[in-house]
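# Commentary on secondary and tertiary structure
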Amino acid sequence: MAYQNRYDTYDTGCAPRNTEVPTERYEADIHTHTIASGHGSGATITDMAKAAKARGLKMLGISDHGPATLGGGRVSYFRNLKYAPKERLGIRMLYGAEANIVNLKGNLDIKDDILADLDFVIASMHHPTIRPGSAQENTEAYIRAMKNPHVSVIGHCDDEKYPVDPFRLFAAAMDNHVLLEINNSSLSPEGYRGDTKYTDLVLLNLSVHFNYPVLFSSDSHGKAHVGDFTYAADAARLAQVPRNLILNCSAKALLAFLDGK
């Protein structure tokens, strides 16, 4: 099936095609976790903003785990994010959630009326929230989650425990105006999702082929790794992904994509 190149319709504000993949300069990181995620972090939102400023970011997204995750954010937390300051320490703030896909129907653990008030929504699979299925079943679950109009990103779909068909997944992301993330934590030598490099490289090559963007994510639990895309950038360099297809390079481009959703 041929897919229309939808990304050409956006004014990204990024450098033109065929420019070198950046090694240091990024403006946004929207997959990060605070103390509200209940594990691995004692950092407040202000702590995260300080880390983003120190890293030279212009925009920071907070995406704490949904309530189905052990110790995850409560419904009241996500409901009240719409009242949080839109700027902290000169950093443009986005408030979202990493919602759990809770079954193979693609249902999420946060209700639509709450998701509608968030700036963005990442949908992910986590153990033990959902039992892994076959590659076909997992792919279908991700695609069904993408059809939720509030979902803007699919998180760490490179996890070996939840195998997928990356070709179908990428096609569905294009059809539903959703971003697939290249998760730096997955690719890290300390990562716990298995050998994720093959899937990530397939997704990056598809990004180049279809001229459709991807999102780097630090998945930082706490402030230590905010804005750190070292391993994601290494993979993108192997796939020769141009700067304009990595939305973290421009806060303006990322906002335009999210607004288009």
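The paragraphs below set out a description of the structure included in this document. Remember, it's a predicted structure, so these values are computed and weren't measured experimentally.

Moving on: the overall build of the protein chain. Across its full length, the protein chain holds nine helices and 10 strands. Relative to the globule expectation of 18 Å for 261 residues, the C-alpha radius of gyration of the protein chain, 17 Å, shows essentially globular dimensions. Considered along the principal axes of its C-alpha atoms, the protein chain spans approximately 45 × 40 × 35 Å. Looking at the 261 residues of the protein chain, the share that counts as buried comes to 57%. Considering only contacts within the protein chain whose residues lie at least 6 apart along the sequence, 79% involve residues at least 24 apart.

Before going further, it helps to spend a moment on helix H4 (residues 135-146). For H4, built from 12 residues, the straight-helix expectation of 16 Å at 1.5 Å per residue is met to within 8% by its first-to-last C-alpha distance of 17 Å. For H4, the complete set of buried residues consists of Asn-138, Thr-139, Ala-141, Tyr-142, Ile-143, Ala-145 and Met-146.

It is worth spelling out the packing of aromatic side chains at this point. For the structure on display, the rule yields seven aromatic pairs. Here Phe-170 and Phe-210 contribute two aromatic rings whose centre-to-centre distance is 6.3 Å and whose plane-to-plane angle is 20°, an arrangement assigned as stacked. Within this pair, whereas Phe-170 is found in helix H5 (residues 166-176), its partner Phe-210 is found in helix H7 (residues 197-210), the two being separated by 40 residues in sequence. Of the residues examined, Phe-210 reaches a relative accessible area of 22% and is grouped as partly exposed. Between Phe-170 and Tyr-212, the aromatic rings sit 5.9 Å apart at their centres with planes inclined by 80°, giving edge-to-face as the arrangement. Residue Phe-170 is found in helix H5, and its partner Tyr-212 is found in the loop between H7 and strand E9 (215-217); the two are separated by 42 residues along the sequence. Under the relative-accessibility criterion, Phe-170 is labelled buried at 2%. Ring pairing ties together the aromatic residues Phe-170, Phe-210, Tyr-212 and Phe-257, which thus form one cluster.

The next thing to look at is the pattern of salt bridges. By the definition in use, this model includes 10 salt bridges. Across the pair Arg-25 and Glu-27 runs a salt bridge, and its minimum N-O distance is 2.7 Å. When the shortest N-O distance is used, the salt bridge between Arg-193 and Asp-219 registers 3.1 Å. Here the residue Arg-193 occupies a position in the loop between helix H6 (184-187) and H7, and Asp-219 occupies one in the loop between E9 and strand E10 (220-221), the gap between them amounting to 26 residues. Neither Arg-193 nor Asp-219 differs from the other in exposure class; each is buried.

This brings us to the nonpolar core. In this structure, Ile-154, Leu-180, Phe-216 and Leu-254 are the most contacted members of the largest nonpolar core, which totals 80 residues. The element that contributes the greatest number of residues to this core is strand E5 (residues 91-100), accounting for six residues. In this view, Leu-254 contacts Ala-28, Ile-30, Met-59, Leu-179, Leu-215 and Leu-247; residues no more than four positions away in its chain are not counted.

Take Ser-152: it is sitting in the loop between H4 and strand E7 (153-154). Classification of Ser-152 by relative accessible area gives buried; the value is 2%. Sequence-wise, Ser-152 and Met-59 are 93 residues apart; in three dimensions their C-alpha atoms are separated by 17 Å. When residues no more than four places from it in sequence are discounted, the contact partners of Ser-152 are Phe-120, Val-121, Val-178, Leu-179, Leu-258 and Lys-261.

Definitions and cut-offs
Residues numbered from 1 in each chain as written. Predicted model: local features only at pLDDT ≥ 70, side-chain atom pairs only at ≥ 80, totals over all residues. Heavy atoms only, no water. Helix = DSSP H or I, 4+ residues; strand = E, 2+ residues; numbered from the N terminus. Rg over C-alpha atoms; globule rule 2.2 N^0.38 Å. Buried < 20%, exposed > 50% of the residue type's maximum accessible area, 1.4 Å probe, protein only. Contact = heavy atoms within 4.5 Å. Expected span 1.5 Å × (residues − 1). Phe/Tyr/Trp six-rings, centres within 6.5 Å; stacked < 30°, edge-to-face > 60°. Salt bridge = Lys/Arg side-chain N within 4 Å of Asp/Glu carboxyl O. Core = buried A, V, L, I, M, F, W, Y, C linked by side-chain atoms within 4.5 Å.

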